[in-house]
Amino acid sequence: MTATTNHSHTVISALGQSARLQGTNQPHLSRVVASWERCVEQYGLDPYKVAFPTVVTQTELKSYQERVEDLIAVAMPEVERLFTRFVAHDYIVSLTDGRGVTVLFRSQNPSAGKCADSGLILGAVWSEELQGTNGIGTCLAEAKPVSIVMDNHFDERLVDFSCTVAPIFGGGGKVAAALNVSTARPSDHSVQSIVSEVVRRAARRIENRFFSRCHTGRDLLRVSQYEDFSDVGVEMRMALDSSGRIVDATPDVLRFLSRKNASLIGQSLFDVTGAGRNVFSSAESAAIEVNGNRFFIRLAESDKRPALAVTSSRVLPKAAAQAPDMKLLVGDDPAMALQIGRMQKLVDRRLPVLLQGETGSGKTALAKALHQASAWSKGPFVSINCAAIPPELIESELFGYRPGAFTGASKQGSKGRIAEADGGTLFLDEIGDMPLALQTRLLQVLSDGEFVAVGATEHTKVQFSLISASLHDIPKLVEEGRFRQDLFYRLSGATLSVPPLRARTDRHLLIERFLLREAAEAGIPDARIEPAVLKVLLAYQWPGNIRELKHVARFAATLAETATISLRDLPPPFKSEGTGTVSDERQIIELALQQSGWNVKLAAQRLGISRATLHRRISALGLIRMASAP
């Protein structure tokens with residue numbers, strides 16, 4: 001009997017034993033067998049014949065990465081730290097999205113060895129449904145950290161590997177990603193339990209930072225079992241609206257603080273925890289006790305502001321102080337500068353402006369810069385992400401509500417985000433995702449300059465400058481009946497198409513300025529940039545646009561050990577595995593080939609060399625195109 005047959009026979013023989021194993025001194029074995037049972041009974045997999053992992057094409061991978069680009073940007077420094085910590089022990093580190101698609105991958109040699117032969121590569125899909133029991137797939141299926149060690153795997157081809165994985169949760173408590181470390185060295189569960197603690201804390205740090213990014217502009221509370229708040233890796237997070245209601249929370253907060261048969265979302269922080277308003281004005285932590293558990297809460301420092309009462313007395317920085325940001329966004333593109341100048345005049349006269357452009361192209365930053373350069377700059381800038389507000393809260397979030405207007409409503413009521421914008425600028429981000437029912441109410445506000453809060457009878461008058469933004473083609477949504485035509489006309493007093501970074505004629509200067517600005521903020525005021533760095537970054541197509549550039553610049557500035565930013569400071573996929581001219585050339589050629597889908601003619605044109613020369617360099621550098629799944 002072959003080794004493959006032996007392992008498959010073990011899997012089949014164990015089916016139906018998971019319940020019995022729960023009470024043994026090997027609880028991990030019960031989870032493994034339960035996964036084996038899912039693989040056979042629910043997914044119809046055969047341990048004697050498991051297909052090689054699907055590897056998505058470069059085009060598909062780019063699409064998957066774009067969907068989680070914010071998460072990737074937050075995760076990259078943590079992935080880099082994990083890789084540095086474990087690389088000496090022959091571990092790889094990877095990040096997958098919620099479907100198991102590998103969107104970030106770090107290895108000493110990504111194209112060689114057991115990892116590549118087994119499908120542990122960028123773009124591989126590791127769902128439990130397709131590959132059977134494996135660290136990534138089983139973690140995603142159970143939404144829990146897990147270690148799948150050697151012969152715990154369903155597929156015999158993976159029995160040399162040990163994988164420890166932790167989930168990363170996104171909005172609404174849904175699994176957004178999985179953080180994985182894997183090794184082909186012999187291991188056991190005692191070793192992996194130590195690795196698991198490191199991976200779980202790294203995943204929690206990513207999760208908390210991602211949560212904070214998703215709720216930019218809200219009051220964020222740090223929650224911990226420890227009063228000193230010294231480790232982000234054991235903390236939890238809550239996001240509050242302007243009236244102190246909980247609008248989102250990380251899963252452990254929901255688990256620890258929710259009362260029986262009552263959702264935490266929509267509840268007042270005071271009603272849930274008893275914490276008073278001093279939480280929002282003090283740097284000290286406050287102790288709370290909920291469901292017999294003691295925790296400490298503290299306002300996140302980066303978002304510390306008077307969130308429970310936003311009034312017209314709140315003064316934002318004047319436009320002159322923000323001029324460098326506008327210059328950074330506009331750059332030296334004459335057409336862009338002309339359009340921005342016109343937009344500034346329109347905003348001053350309260351004519352609505354619609355910004356259209358790809359994800360990350362700088363629409364939100366541009367809206368803030370327009371506000372700060374306008375006659376409304378002394379008023380508040382209120383940003384509303386129309387795609388991020390939970391459906392059950394969207395009306396009360398926008399229009400506010402009277403005390404006791406609905407079950408779970410705050411005793412103080414809520415002013416509403418639109419009322420908060422009075423005297424300033426209202427920014428409606430992702431306006432194309434606003435539900436049709438809310439579009440009707442918004443149209444009334446824009447037409448009449450007044451609205452009625454939920455549960456109220458009197459009208460509230462408001463006056464503000466309006467800027468909207470969307471990555472969707474709004475006229476097309478109108479044609480499809482998904483967006484009101486009259487609202488579109490009301491929003492688009494003027495429309496600005498924000499160009500993607502790859503189309504900017506001043507891309508070189510923008511890249512340089514972002515790198516130098518982030519270096520200055522990192523304490524390197526006189527930073528230099530290696531020419532090889534600019535070459536690599538100019539060859540890149542920037543699918544995440546300005547936002548991605550900002551993250552890359554911040555990453556490089558943070559890791560720079562000298563006053564010179566070099567290739568070794570760049571994150572994947574930019575970072576060169578070695579140093580010197582050949583390594584630099586390899587990086588540039590690989591990027592050009594990837595961006596052109598390995599179309600040698602297009603890659604040669606991008607590089608400014610002949611096809612014959614490029615073919616010779618591909619051969620000399622040993623570059624091989626990774627086969628795509630059929």
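Residues numbered from 1 in each chain as written. Predicted model: local features only at pLDDT ≥ 70, side-chain atom pairs only at ≥ 80, totals over all residues. Heavy atoms only, no water.

J.: Run through the overall build of the chain, naming residues and quoting values.
T.: Secondary structure assignment for the chain yields 25 helices and 19 strands. Of the contacts made within the chain by residues no fewer than 6 positions apart, 66% connect residues no fewer than 24 positions apart. Total accessible area on the chain is roughly 28500 Å²; 51% of this is exposed by carbon and sulfur atoms. (Helix = DSSP H or I, 4+ residues; strand = E, 2+ residues; numbered from the N terminus. Contact = heavy atoms within 4.5 Å. Areas by Shrake-Rupley, 256 points an atom, 1.4 Å probe, with all protein chains shown as cover.)

J.: I'd love a proper account of the side chain of threonine 96, names of residues and values included.
T.: Mapped onto the elements, threonine 96 comes out in strand β1 (residues 91–97). We classify threonine 96 as buried; its relative accessible area is 0%. In this structure threonine 96 touches Val101, Thr102, Val103, Ile136, Leu140, Ala176, Ala177 and Ala178, once residues within four positions along its chain are discounted. (Buried < 20%, exposed > 50% of the residue type's maximum accessible area, 1.4 Å probe, protein only.)

J.: So what about the pattern of salt bridges? Which residues, and what values?
T.: For the coordinates displayed, the defined rule picks out 23 salt bridges. In this structure, the salt-bridge partner of glutamate 128 is arginine 38, at a minimum N-O distance of 2.8 Å. Of this pair, glutamate 128 sits in helix α7 (residues 128–131) while arginine 38 sits in helix α3 (residues 27–41); the two residues are 90 residues apart in sequence, bridging distant segments of the chain. Residue classification places arginine 38 among the buried positions, given a relative accessible area of 17%. Among the ionic pairs, arginine 200 bridges to glutamate 197, the shortest N-O distance being 3.8 Å. Remark: glutamate 197 and arginine 200 occur in helix α9 (residues 189–214); sequence separation between them is three residues, near one turn of the helix. One network of salt bridges, with partners in common, ties together Arg31, Arg38, Glu128 and Glu142. (Salt bridge = Lys/Arg side-chain N within 4 Å of Asp/Glu carboxyl O.)

J.: Please provide a residue-by-residue account of the sheet that holds strand β10 (residues 293–299), values included.
T.: What the five strands build is an open sheet, ordered β8-β7-β6-β10-β9; its pairing is antiparallel. The open sheet terminates on both sides in strands that have one partner only, identified here as β8 (246–249) and β9 (286–290). Between one strand and the next, the sheet's axes are offset by a mean angle of 30°, whatever the strand orientation. Sheet topology places strand β7 (residues 236–240) next to β8; three bridges connect them, and they run antiparallel. Along β8, the bridge assignment pairs methionine 238 with alanine 249. (Pairing = 2+ DSSP bridges. Axes fitted to C-alpha atoms, helices over the stretch in contact; angles between N-to-C directions.)

J.: Pulling in residues and values, what's your account of the packing of aromatic side chains?
T.: A full pass over the atoms with the stated rule returns five aromatic pairs. One cation-aromatic arrangement involves arginine 67 over tyrosine 64; the distance from NZ or CZ to the ring centre is 4.8 Å. (Phe/Tyr/Trp six-rings, centres within 6.5 Å; stacked < 30°, edge-to-face > 60°. Lys NZ or Arg CZ within 6 Å of the ring centre and 35° of its normal.)

J.: Account for the sheet that holds strand β17 (residues 494–497), with residues named and values stated.
T.: Taken in spatial order, the five strands make up an open sheet running β12-β13-β16-β11-β17, and their pairing is parallel. The sheet is open, and its two borders are formed by β12 (381–385) and β17, each paired with just one other strand. Taken pair by pair, the neighbouring strands of this sheet meet at an average axis angle of 20°, ignoring direction. With four bridges connecting them, strand β13 (residues 425–429) and strand β16 (residues 465–470) associate as parallel partners. Each bridged residue has a counterpart across the sheet, and for leucine 426 the counterpart in β16 is leucine 466.

J.: Quick one: what's the story with the pairing of β9, residue by residue and with numbers?
T.: Bridge count between β9 and β10: five bridges; the pairing is antiparallel. Its bridge partner being in β10, alanine 287 is matched across the sheet by phenylalanine 296. Where β9 hands over to β10, the hairpin turn is made up of two residues, of which asparagine 291 adopts a positive phi near 55°.

J.: Can you tell me about helix α5 (residues 69–86), naming the residues and giving the values?
T.: When the terminal C-alpha atoms of α5 are compared, their 25 Å separation across 18 residues agrees well with the 26 Å that a helix rising 1.5 Å per residue should span. The largest bend along α5 measures about 40° and falls at alanine 75, with the proline proline 77 one to four residues further on. Among the 18 residues in α5, 13 count as buried, and that is most of the element. (Expected span 1.5 Å × (residues − 1). Bend = angle between axes of the 7 residues up to and from the residue.)

J.: Give me the lowdown on empty space enclosed by the protein, citing residues and values where you can.
T.: Counted according to the given criterion, the structure contains two cavities of 30 Å³ or more. Roughly 70 Å³ of volume is contained in the largest cavity. For the lining of the largest cavity, the elements supplying multiple residues, two or more each, are α8 (135–142) and β5 (175–183). In the lining of the largest cavity, the residues fall into six nonpolar, five polar and no charged. (1 Å grid on protein atoms, 1.4 Å probe; cavity = no way out; pocket = protein on both sides within 12 Å on 5 of 7 lines; lining within 4 Å. Points joined across faces, edges and corners; volume = space filled by probe spheres on them. Nonpolar A, V, L, I, M, F, W, Y, C, P; charged D, E, K, R; others polar.)

J.: So what's going on with α8? Residues and values would help.
T.: With seven of its eight residues buried, α8 lies for the most part within the structure. Along α8, the positions that sit buried rather than exposed are Gly135, Ile136, Gly137, Thr138, Cys139, Leu140 and Glu142. Between a side-chain oxygen at the N-terminus of α8 and the backbone nitrogen of isoleucine 136 the separation is 3.2 Å; the capping residue is asparagine 134. At the C-terminal side of α8, alanine 143 shows a positive phi close to 55°. (Polar contact = N/O pair within 3.5 Å; in protein donor to acceptor, adjacent residues only side chain to side chain.)

J.: Please set out the nonpolar core residue by residue, giving values where relevant.
T.: Counting residues in hydrophobic clusters, the biggest one holds 35 residues, and the most contacted among them are Leu71, Leu82, Leu95, Ile168, Leu179 and Val181. Elements with a minimum of two residues in this core: α4 (58–67), α5, β1, β2 (102–106), β4 (162–169), β5 and α9. If you tally residues by element for this core, the top one is α5, at nine residues. With residues up to four places along the chain from it excluded, the contact list for isoleucine 168 reads Leu71, Leu95, Lys174, Val175, Ala176, Ala177, Leu179, Ala203, Ile206 and Glu207. With 29 residues, the next largest nonpolar core counts Leu398, Ile418, Leu438 and Ile474 among its residues. (Core = buried A, V, L, I, M, F, W, Y, C linked by side-chain atoms within 4.5 Å.)

J.: Just give me the short version of the packing of α5 against helix α22 (residues 545–559), but keep the residues and values in it.
T.: Each pair of packed helices gets described by two things: the angle between the helix axes and the distance between those axes. Contact geometry for α5 and α22: axes closest at 10 Å, N-to-C directions at 15°. In terms of orientation, α5 and α22 fall into the roughly parallel class. As α5 packs across α22, the resulting crossing turns out to be right-handed. Listed contacts from α22 to Glu69, Asp70, Ala73, Met76, Pro77 and Glu80 of α5 are Arg547, His551, Phe555 and Leu559. Within the contact of α5 with α22, the residues separate by chemical class into five nonpolar, one polar and four charged. (Parallel < 35°, antiparallel > 145°, perpendicular 65-115°, else oblique. Left-handed = near helix turned anticlockwise from the far one by under 90°.)

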